[in-house]
Amino acid sequence: MTRKGLILFALVGFIWGLPYFFIVIALESFSTPSIVFLRTLLGVIVLIPYAALMGGLKPALKAWPYVLVFGAVEMVVPWFLVTEAGKHISSGLIALLIGTVPFFAVAILAIFLKDRKALQPRPLSGMIIGFLGVAALVGFDSLAVAIDPIYVLFVILAALGYSIATIVANNMLHDVPSAGVIGVSMGFVAVVYAPFSNPNLPAEFAGASLESLLAILVLGLICSAAAFVLFFILIKEIGPAKSTLITFVNTAVALVLGII
(Lines give C-alpha, C1' and ligand atoms only; values in the text may rest on other atoms or scores of the structure.)
Protein backbone atom coordinates (compact mmCIF):
# COMPACT_ATOMS: atom_id res chain seq x y z
CA MET A 1 0.00 0.00 0.00
CA THR A 2 1.33 3.44 -0.91
CA ARG A 3 1.82 6.17 1.65
CA LYS A 4 -1.18 8.03 0.19
CA GLY A 5 -3.29 4.88 0.42
CA LEU A 6 -2.24 4.29 4.04
CA ILE A 7 -3.13 7.85 5.07
CA LEU A 8 -6.51 7.65 3.32
CA PHE A 9 -7.16 4.23 4.85
CA ALA A 10 -6.50 5.49 8.37
CA LEU A 11 -8.47 8.71 7.86
CA VAL A 12 -11.57 7.08 6.36
CA GLY A 13 -11.42 4.29 8.93
CA PHE A 14 -11.43 6.86 11.73
CA ILE A 15 -14.21 9.01 10.25
CA TRP A 16 -16.46 6.02 9.62
CA GLY A 17 -16.03 4.86 13.17
CA LEU A 18 -17.85 8.01 14.29
CA PRO A 19 -21.42 7.44 12.96
CA TYR A 20 -22.35 4.63 15.35
CA PHE A 21 -21.69 6.92 18.32
CA PHE A 22 -23.35 10.03 16.87
CA ILE A 23 -26.39 8.11 15.61
CA VAL A 24 -27.15 7.11 19.21
CA ILE A 25 -26.97 10.78 20.25
CA ALA A 26 -29.11 11.92 17.31
CA LEU A 27 -31.74 9.28 18.13
CA GLU A 28 -32.41 11.07 21.43
CA SER A 29 -34.25 13.80 19.47
CA PHE A 30 -34.82 12.58 15.92
CA SER A 31 -36.49 9.59 14.25
CA THR A 32 -34.60 7.25 11.92
CA PRO A 33 -36.07 8.74 8.69
CA SER A 34 -35.28 12.26 9.92
CA ILE A 35 -31.65 11.39 10.68
CA VAL A 36 -31.10 9.86 7.25
CA PHE A 37 -32.88 12.76 5.53
CA LEU A 38 -30.95 15.46 7.39
CA ARG A 39 -27.50 13.91 6.96
CA THR A 40 -28.04 13.41 3.22
CA LEU A 41 -29.54 16.90 2.82
CA LEU A 42 -26.44 18.41 4.43
CA GLY A 43 -24.29 16.36 2.08
CA VAL A 44 -26.25 17.62 -0.92
CA ILE A 45 -25.95 21.26 0.19
CA VAL A 46 -22.17 20.92 0.34
CA LEU A 47 -21.39 18.56 -2.53
CA ILE A 48 -23.73 19.58 -5.37
CA PRO A 49 -22.36 23.15 -5.67
CA TYR A 50 -18.80 21.82 -5.34
CA ALA A 51 -19.37 19.13 -7.97
CA ALA A 52 -20.95 21.66 -10.34
CA LEU A 53 -18.02 24.05 -9.83
CA MET A 54 -15.45 21.30 -10.48
CA GLY A 55 -17.28 19.87 -13.51
CA GLY A 56 -18.28 16.63 -11.79
CA LEU A 57 -22.04 17.05 -11.87
CA LYS A 58 -22.71 16.34 -15.55
CA PRO A 59 -20.70 13.07 -15.62
CA ALA A 60 -22.57 11.88 -12.52
CA LEU A 61 -25.94 12.69 -14.10
CA LYS A 62 -24.95 10.82 -17.28
CA ALA A 63 -24.16 7.77 -15.17
CA TRP A 64 -27.41 8.14 -13.19
CA PRO A 65 -28.50 4.44 -13.27
CA TYR A 66 -25.33 3.34 -11.48
CA VAL A 67 -25.41 6.39 -9.19
CA LEU A 68 -28.94 5.48 -8.08
CA VAL A 69 -27.93 1.85 -7.53
CA PHE A 70 -25.00 3.04 -5.43
CA GLY A 71 -27.28 5.34 -3.42
CA ALA A 72 -29.80 2.55 -2.81
CA VAL A 73 -27.35 -0.13 -1.61
CA GLU A 74 -25.04 2.26 0.27
CA MET A 75 -27.54 4.62 1.90
CA VAL A 76 -31.29 4.14 1.32
CA VAL A 77 -31.43 0.66 2.83
CA PRO A 78 -28.31 0.33 5.05
CA TRP A 79 -28.65 3.68 6.83
CA PHE A 80 -32.22 2.87 7.86
CA LEU A 81 -31.20 -0.61 9.04
CA VAL A 82 -28.14 0.55 11.00
CA THR A 83 -29.96 3.50 12.58
CA GLU A 84 -32.88 1.31 13.66
CA ALA A 85 -30.49 -1.31 15.03
CA GLY A 86 -28.78 1.44 17.05
CA LYS A 87 -31.93 1.67 19.18
CA HIS A 88 -31.65 -1.94 20.30
CA ILE A 89 -28.03 -3.16 20.19
CA SER A 90 -24.72 -1.61 21.22
CA SER A 91 -22.59 0.46 18.88
CA GLY A 92 -19.71 -1.97 19.47
CA LEU A 93 -21.75 -4.93 18.30
CA ILE A 94 -22.97 -2.98 15.28
CA ALA A 95 -19.36 -2.16 14.38
CA LEU A 96 -18.39 -5.81 14.79
CA LEU A 97 -21.17 -6.95 12.46
CA ILE A 98 -20.18 -4.27 9.93
CA GLY A 99 -16.78 -5.97 10.05
CA THR A 100 -18.28 -8.67 7.81
CA VAL A 101 -18.20 -6.24 4.85
CA PRO A 102 -14.78 -7.45 3.55
CA PHE A 103 -15.98 -11.06 3.51
CA PHE A 104 -19.10 -10.17 1.52
CA ALA A 105 -16.99 -8.11 -0.87
CA VAL A 106 -14.52 -10.95 -1.45
CA ALA A 107 -17.37 -13.44 -1.98
CA ILE A 108 -19.08 -11.18 -4.54
CA LEU A 109 -15.80 -10.49 -6.36
CA ALA A 110 -14.93 -14.19 -6.49
CA ILE A 111 -18.35 -15.62 -7.37
CA PHE A 112 -19.86 -13.00 -9.66
CA LEU A 113 -16.84 -11.14 -11.05
CA LYS A 114 -14.43 -14.10 -11.09
CA ASP A 115 -11.78 -12.12 -9.22
CA ARG A 116 -9.95 -14.67 -7.06
CA LYS A 117 -7.07 -12.49 -5.82
CA ALA A 118 -8.59 -11.95 -2.37
CA LEU A 119 -9.07 -15.71 -1.96
CA GLN A 120 -5.33 -16.27 -1.77
CA PRO A 121 -4.12 -17.50 1.65
CA ARG A 122 -2.36 -14.31 2.78
CA PRO A 123 -5.17 -11.73 2.26
CA LEU A 124 -7.88 -14.18 3.37
CA SER A 125 -6.03 -15.17 6.55
CA GLY A 126 -5.34 -11.48 7.22
CA MET A 127 -9.07 -10.70 7.05
CA ILE A 128 -9.91 -13.58 9.38
CA ILE A 129 -7.28 -12.53 11.92
CA GLY A 130 -8.47 -8.93 11.68
CA PHE A 131 -12.08 -9.92 12.29
CA LEU A 132 -11.12 -12.09 15.26
CA GLY A 133 -9.15 -9.17 16.67
CA VAL A 134 -12.21 -6.96 16.30
CA ALA A 135 -14.35 -9.59 18.03
CA ALA A 136 -11.86 -9.73 20.88
CA LEU A 137 -12.05 -5.93 21.24
CA VAL A 138 -15.83 -6.04 21.43
CA GLY A 139 -15.66 -8.95 23.85
CA PHE A 140 -16.97 -12.41 23.13
CA ASP A 141 -18.83 -12.35 26.42
CA SER A 142 -20.91 -9.39 25.22
CA LEU A 143 -22.28 -11.60 22.47
CA ALA A 144 -23.80 -13.89 25.08
CA VAL A 145 -26.21 -11.17 26.20
CA ALA A 146 -29.76 -11.68 24.98
CA ILE A 147 -29.99 -9.83 21.64
CA ASP A 148 -32.97 -9.62 19.34
CA PRO A 149 -31.74 -11.45 16.19
CA ILE A 150 -33.81 -9.24 13.88
CA TYR A 151 -31.52 -6.27 14.58
CA VAL A 152 -28.43 -8.39 14.07
CA LEU A 153 -29.91 -9.33 10.68
CA PHE A 154 -30.53 -5.63 9.99
CA VAL A 155 -26.82 -4.85 10.38
CA ILE A 156 -25.69 -7.89 8.38
CA LEU A 157 -27.95 -6.84 5.50
CA ALA A 158 -26.48 -3.34 5.76
CA ALA A 159 -22.99 -4.84 5.57
CA LEU A 160 -23.99 -6.71 2.42
CA GLY A 161 -25.26 -3.44 0.93
CA TYR A 162 -22.00 -1.66 1.78
CA SER A 163 -19.96 -4.37 0.08
CA ILE A 164 -22.07 -4.21 -3.10
CA ALA A 165 -21.84 -0.40 -3.14
CA THR A 166 -18.03 -0.51 -2.95
CA ILE A 167 -17.87 -2.82 -5.96
CA VAL A 168 -20.36 -0.69 -7.92
CA ALA A 169 -18.27 2.40 -7.17
CA ASN A 170 -15.07 0.72 -8.34
CA ASN A 171 -16.42 -1.02 -11.46
CA MET A 172 -19.19 1.27 -12.71
CA LEU A 173 -18.26 4.72 -11.38
CA HIS A 174 -14.48 4.59 -11.40
CA ASP A 175 -14.09 7.46 -13.88
CA VAL A 176 -16.91 9.65 -12.53
CA PRO A 177 -15.85 12.46 -10.15
CA SER A 178 -16.59 11.37 -6.60
CA ALA A 179 -18.22 14.63 -5.47
CA GLY A 180 -20.75 14.34 -8.30
CA VAL A 181 -21.55 10.70 -7.52
CA ILE A 182 -22.00 11.32 -3.80
CA GLY A 183 -23.90 14.59 -4.26
CA VAL A 184 -26.38 13.12 -6.76
CA SER A 185 -26.83 9.86 -4.84
CA MET A 186 -27.44 11.76 -1.59
CA GLY A 187 -29.99 13.92 -3.39
CA PHE A 188 -31.77 10.74 -4.41
CA VAL A 189 -31.70 9.42 -0.84
CA ALA A 190 -32.98 12.73 0.56
CA VAL A 191 -35.92 12.65 -1.88
CA VAL A 192 -36.75 9.06 -0.83
CA TYR A 193 -36.76 9.92 2.87
CA ALA A 194 -38.38 13.38 2.68
CA PRO A 195 -42.02 12.15 2.83
CA PHE A 196 -41.28 10.07 5.92
CA SER A 197 -39.33 12.70 7.83
CA ASN A 198 -40.71 16.14 6.93
CA PRO A 199 -44.05 15.84 8.81
CA ASN A 200 -42.12 15.15 12.04
CA LEU A 201 -39.22 17.57 11.63
CA PRO A 202 -40.77 20.74 13.15
CA ALA A 203 -41.67 18.98 16.38
CA GLU A 204 -38.33 17.15 16.50
CA PHE A 205 -36.34 20.34 15.97
CA ALA A 206 -38.41 22.12 18.63
CA GLY A 207 -37.52 19.51 21.23
CA ALA A 208 -34.01 18.68 20.02
CA SER A 209 -31.05 18.95 22.38
CA LEU A 210 -27.88 20.76 21.38
CA GLU A 211 -26.03 17.44 21.43
CA SER A 212 -28.45 15.89 18.94
CA LEU A 213 -28.19 18.88 16.61
CA LEU A 214 -24.40 18.72 16.70
CA ALA A 215 -24.58 14.98 16.05
CA ILE A 216 -26.65 15.62 12.92
CA LEU A 217 -24.06 18.12 11.70
CA VAL A 218 -21.22 15.64 12.26
CA LEU A 219 -23.16 12.85 10.53
CA GLY A 220 -23.97 15.02 7.52
CA LEU A 221 -20.82 17.05 6.94
CA ILE A 222 -18.06 14.76 8.19
CA CYS A 223 -19.38 11.19 8.20
CA SER A 224 -21.28 11.59 4.93
CA ALA A 225 -20.02 14.36 2.62
CA ALA A 226 -16.31 14.35 3.50
CA ALA A 227 -15.99 10.63 4.22
CA PHE A 228 -17.54 9.48 0.95
CA VAL A 229 -15.33 11.71 -1.19
CA LEU A 230 -12.25 10.36 0.60
CA PHE A 231 -13.54 6.79 0.33
CA PHE A 232 -13.89 7.05 -3.45
CA ILE A 233 -10.30 8.24 -3.67
CA LEU A 234 -9.27 5.33 -1.46
CA ILE A 235 -11.05 2.81 -3.70
CA LYS A 236 -9.17 4.14 -6.73
CA GLU A 237 -5.91 3.99 -4.80
CA ILE A 238 -6.04 0.47 -3.31
CA GLY A 239 -9.07 -1.29 -4.86
CA PRO A 240 -12.49 -2.33 -3.52
CA ALA A 241 -11.50 -5.41 -1.52
CA LYS A 242 -8.76 -3.72 0.50
CA SER A 243 -10.90 -0.61 0.96
CA THR A 244 -13.56 -2.58 2.81
CA LEU A 245 -10.98 -3.49 5.48
CA ILE A 246 -11.51 -0.03 6.99
CA THR A 247 -14.44 -1.65 8.83
CA PHE A 248 -11.89 -3.15 11.24
CA VAL A 249 -10.58 0.36 12.04
CA ASN A 250 -14.19 1.59 12.33
CA THR A 251 -14.84 -0.87 15.12
CA ALA A 252 -11.88 0.25 17.21
CA VAL A 253 -12.93 3.90 16.88
CA ALA A 254 -16.56 3.07 17.73
CA LEU A 255 -15.50 1.13 20.81
CA VAL A 256 -13.25 3.91 22.12
CA LEU A 257 -15.99 6.50 21.65
CA GLY A 258 -18.49 4.20 23.34
CA ILE A 259 -16.21 3.81 26.35
CA ILE A 260 -15.58 7.57 26.57
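Now for a description of the structure that goes with this document. (Residues numbered from 1 in each chain as written. Predicted model: local features only at pLDDT ≥ 70, side-chain atom pairs only at ≥ 80, totals over all residues. Heavy atoms only, no water.)

1. Points about the overall build of the protein chain
Selection rule: Here a strand is any run of E in DSSP of at least two residues, a helix any run of H or I of at least four, and the numbering for each starts at the N terminus. Each residue's exposure class comes from its accessible area (1.4 Å probe, protein chains only) as a fraction of the maximum for that residue type: buried when under 20%, exposed when over 50%, partly exposed otherwise. Should any heavy atoms of two residues lie within 4.5 Å, those residues are considered in contact. Note on areas: Shrake-Rupley with a 1.4 Å probe; residue coverage comes only from the protein chains shown.
The secondary structure content of the protein chain amounts to 14 helices and 0 strands. Reading the protein chain from its N terminus to its C terminus gives the helix and strand order α-α-α-α-α-α-α-α-α-α-α-α-α-α. Scored against the burial criterion, the 260 residues of the protein chain give a buried share of 53%. The contacts of the protein chain with a sequence gap of at least 6 include a subset with a gap of at least 24, amounting to 91%. With the model as given, the accessible surface of the protein chain reaches about 11,900 Å², and the carbon-plus-sulfur share is 73%.

2. Describing the nonpolar core
Rules: The nonpolar core is taken to be a set of buried Ala, Val, Leu, Ile, Met, Phe, Trp, Tyr and Cys residues, with the residues joined through side-chain atoms within 4.5 Å.
Judged by nonpolar contacts, the single largest core of 80 residues is most densely connected at Phe70 and Ile98. With 15 residues, helix 12 (residues 210-238) is the largest single contributor of residues to this core. Ignoring anything within four residues of it in the chain, the contact list for phenylalanine 70 reads Met75, Ala165, Val168, Ala169, Leu173, Val181, Ile182, Ser185, Phe228 and Phe232.

3. Structural notes on empty space enclosed by the protein
Worth spelling out the cut-off: A cavity, in this analysis, means grid points on a 1 Å lattice covering only the protein atoms where a 1.4 Å probe fits yet has no way out; a pocket is instead an open set bounded by protein on both sides within 12 Å along at least five of seven lines, and a residue lines either one if it has an atom within 4 Å of a point. Grid points are joined across faces, edges and corners, and a volume is the space filled by probe spheres set on the points. Gly is put with the polar residues, along with every residue not named as nonpolar or charged; the nonpolar set is Ala, Val, Leu, Ile, Met, Phe, Trp, Tyr, Cys and Pro, and the charged set is Asp, Glu, Lys and Arg.
Per the counting criterion, the structure on display carries 1 cavity of 30 Å³ or more. Counted as a void, the largest cavity has a volume near 290 Å³. If you trace the largest cavity, you find 20 residues lining it, with Trp16, Tyr20, Glu74, Tyr162 and Asn250 closest to the centre. Mapped onto the lining of the largest cavity, the elements with two or more residues apiece are helix 2 (19-26), helix 5 (64-85), helix 9 (149-172), helix 12 and helix 14 (246-259). Of the residues assigned to the lining of the largest cavity, the class counts are 13 nonpolar, 5 polar and 2 charged.

4. Focus: the environment of alanine 63
Within the fold, alanine 63 resides in the loop between helix 4 (57-62) and helix 5. Sequence-distant contacts of alanine 63, that is, excluding residues within four places in its chain, are made with Leu173 and Val176.

Geometric descriptors of this kind do not, in isolation, establish any biological role.
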